[in-house]
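Residue-level listing of the chains:
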Amino acid sequence: MQKGLHRIINEIAAQRSELFHWAPVFMGLGVAVCYSFGWLIGALLVAAAVACVVVYIFWVGFADNATLPLLVIGICIGIGAGAAALRSYLVWAPSLAYPYSGVITGRVILVDRSAGDNMRLTLDQVSMGPIPDEKLPRRIRVSFAMDTVTVRPTIGDKIRAKVYVSAPQGPVEPGGFDFRQHAYFLSLGAVGYGRSGFDIVQSTNPKGTEMFFARAQGWLSQLVQSALSEQTQGVACAIIAGDRFGVSQAQADDLRRSNLAHLLAISGLHMGLLTSLVFFSVRFTLVIVPMRAIANHAKTIAAIFAIMVGALYLGISGGNIATQRAFVMIAAFYSAAMLNRQVISYRALAMAAMVILIARPEALYSPGFQMSFAATIALVFVFQNVVAPRSSGRILHAIIGVFLSPFVAGVATAPIAAIHFNQVSHVGFFYNLLAVSFM
C-alpha cells in the first residue's frame, strides 16, 4: 500500500511541469463537488485545503518536496469549491413565492429575443403592486409578442406593463436543462409574459459610467443598422456588437442546423481580427513616426493598445463565456509579445479557464464553456502536434489552417452539441469552410 502511494506521489511529482495545464481541471472538480453536494461540502473542501497548507508548512516548511504537487492539486480543488460557494452567495436574490398577475414598472437593462420570436426585456428596479420591497426580485424577464410592441426601448428606459410572471421552474425531465438554476445565477426572480405590450413612462439616459457597455452596444448596433439592409442587419449586429435581437428564430435554427451558430458568439475569431487590426495599425503608425524613442517601443505600445481595445470590446459585446476566454488568451498573447517571449497556447488556455471558473464557476455546466474550450483545446493540439511539425512556410500553414480548423472544431464540439441540443450537423464542415474563410 505504501509502495503504491509513493509510486503515485513520485509519478505526479515527475509531471509537475504539466501541472499548470491541469489546474483548471481540479478547480472544475471543486466546482462540481460544491454544486452537486451543497455549499457545506464546498466549505469543507476549502477548510481541508487550508489545513493541508498549514500541515505542509509545519512539516516541510517553504522548501520543495515531492508532495508539493499534491498540495497544489488540493489547493486548486479548494479554490474551485470556494469560488462556487461564494458565487452562490453573491448572486442570491429573492424569488417570487407565488405567481403574480398585474401591473409592474421597471428599468430596462437588456433587450433580446425569446425562443418564440418575441421581444424579451430584462428589468431591474422593479415595482410589483402590493409586494413589499424586501420580497421583490432583483431582476425579472418578460416577453412581449411583436404585434403588441410599437417601439424598441433603449437601455435605461422605465416601462409599465400588465404582465403575468412566476418563479423560474426546474427541469422538465430528469437530467434536463435546469432553467431555475440558470435563472438563479442571473439573479432572475421571476419570468413571464406581457398581455398587451408596454408603455415607456420615462425615457432616461443613464449618466456617467452607469450601463456604459450596454449603451455602447446599442450605439454600435444602430451604426450597423444604418449601414445595412433590414435582411442582413440582424446577423451583422450579432456578429459585430453581440446584439442578437435582430436574429429571428428561423435564422437561428438555420445557423444551428448548418453548425454556424458559433459565428454569432463573439469569440476568438472576432477578438483576434479586431485586436490584430489594432496592433498592426498602431505599430505601423508608430514605426513611421520620426522619433526613435517611440519607434523602438512600437511593439509594446501597440500590444497595450490591442489589450485595451480587446477589454473594451469584451464589455460592449456582452461578455459571454467564449468572449472572456478569447480575451484572456489574447491578453496573454500580447503580454508575451511585450516581453519578447513565445506564447504557450496550453498555458494561455488554462489561464483563461481558471479566470472564468473563479469569476463565474457556474459556467462549468454551460454548453458555451464546454464547446468553446473543447474546440480550442482540439485546435491547439492539432496545430502544435500535427500541422506545425509537418508544414513549412507561413502561407502553407495558413492554407492548411483554413481547411483544417472547421473540421477539428466540428469534431470536438459535435458530442457536446448532441448532449445539449439533441442535434448534430452533417454538413457543418462544408458550411464552416466557406463561412469562416469569408469571416
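The notes below deal with the structure included here. Within every chain, residues take consecutive numbers counted from 1 along the sequence as written. Only residues with pLDDT of at least 70 are given local features in this predicted model, and only at 80 or more are side-chain atom pairs given and counted; all residues enter the totals for whole chains, interfaces and linings. Side-chain measures here rest on the full set of heavy atoms in the structure, leaving out hydrogens and waters.

**Quick look at the packing of helix α6 (residues 212–227) against helix α7 (residues 230–241)**
Each packed pair of helices is defined by two parameters, the angle between the axes and the distance between the axes. Here an axis means a line fitted to C-alpha atoms, over the contact stretch when the element is a helix, while the angle between two N-to-C directions is reported on a 0 to 180 degree scale. Helix and strand definitions follow DSSP, with helices as H or I runs of at least four residues and strands as E runs of at least two, each counted in order from the N terminus. In the contact formed by α6 and α7, the axes pass within 9 Å of each other and the chain directions differ by 140 degrees. For the element pair α6 / α7, the angle class is oblique. Handedness of the α6/α7 crossing: right-handed. The segment α6 lies against α7, with Gln217, Leu220, Ser221, Val224 and Gln225 engaging Gln233, Ala236, Cys237, Ile240 and Ala241. The cut-offs work like this: below 35 degrees is roughly parallel, past 145 is roughly antiparallel, 65 to 115 is roughly perpendicular, and the gaps in between are oblique. Left-handed describes a crossing whose near helix is turned anticlockwise from the far helix through less than a right angle; right-handed describes the clockwise counterpart. Contacts are residue-level and defined by heavy atoms, with any inter-residue pair within 4.5 Å sufficient.

**What to know about the pairing of strand β1 (residues 100–113)**
Counting buried positions over the 14 residues of β1 gives 10, a clear majority of the element. If DSSP finds at least two bridges between two strands, the strands pair. Pairing of β1 with strand β2 (residues 119–127) involves 7 bridges; the strand directions are antiparallel. Bridge pairing in β2 links arginine 113 to methionine 119. Between the antiparallel neighbours β1 and β2 lie 5 residues, among them aspartate 117 with a positive phi of about 65 degrees. Burial here depends on accessible area, computed with a 1.4 Å probe over protein chains only, as a share of the maximum for the residue type. Under 20% is buried, over 50% is exposed, and the range in between is partly exposed.

**Focus on the pattern of salt bridges**
Only one rule defines a salt bridge in this text: a Lys or Arg side-chain nitrogen within 4 Å of an Asp or Glu carboxyl oxygen. One pass over the structure, following the stated rule, counts 6 salt bridges. Residue aspartate 124 pairs with arginine 107 through a salt bridge whose shortest N-O separation is 2.8 Å. One end of the pair, aspartate 124, is in strand β2; the other, arginine 107, is in strand β1, and 17 residues separate them in sequence. The buried category is assigned to arginine 107, whose relative accessible area is 12%. Through salt bridges with shared partners, a single ionic network connects Arg87, Arg360 and Glu362.

**Here's the deal with the nonpolar core**
What we call a nonpolar core is a set of buried Ala, Val, Leu, Ile, Met, Phe, Trp, Tyr and Cys residues that are connected through their side-chain atoms within 4.5 Å. Grouped together as the largest cluster of nonpolar side chains are 26 residues, with contacts concentrated most on Ile104, Leu121, Leu123, Met128, Phe144, Val165 and Phe198. Secondary-structure elements contributing two or more residues to this core are β1, β2, β3 (139–144), β4 (158–166) and β5 (188–202). In terms of residues, this core owes the most to one element, β1, which gives 5 residues. The contacts of methionine 128, once residues within four sequence positions are left out, are Leu96, Tyr100, Val103, Ile104, Leu136, Pro137 and Val165.

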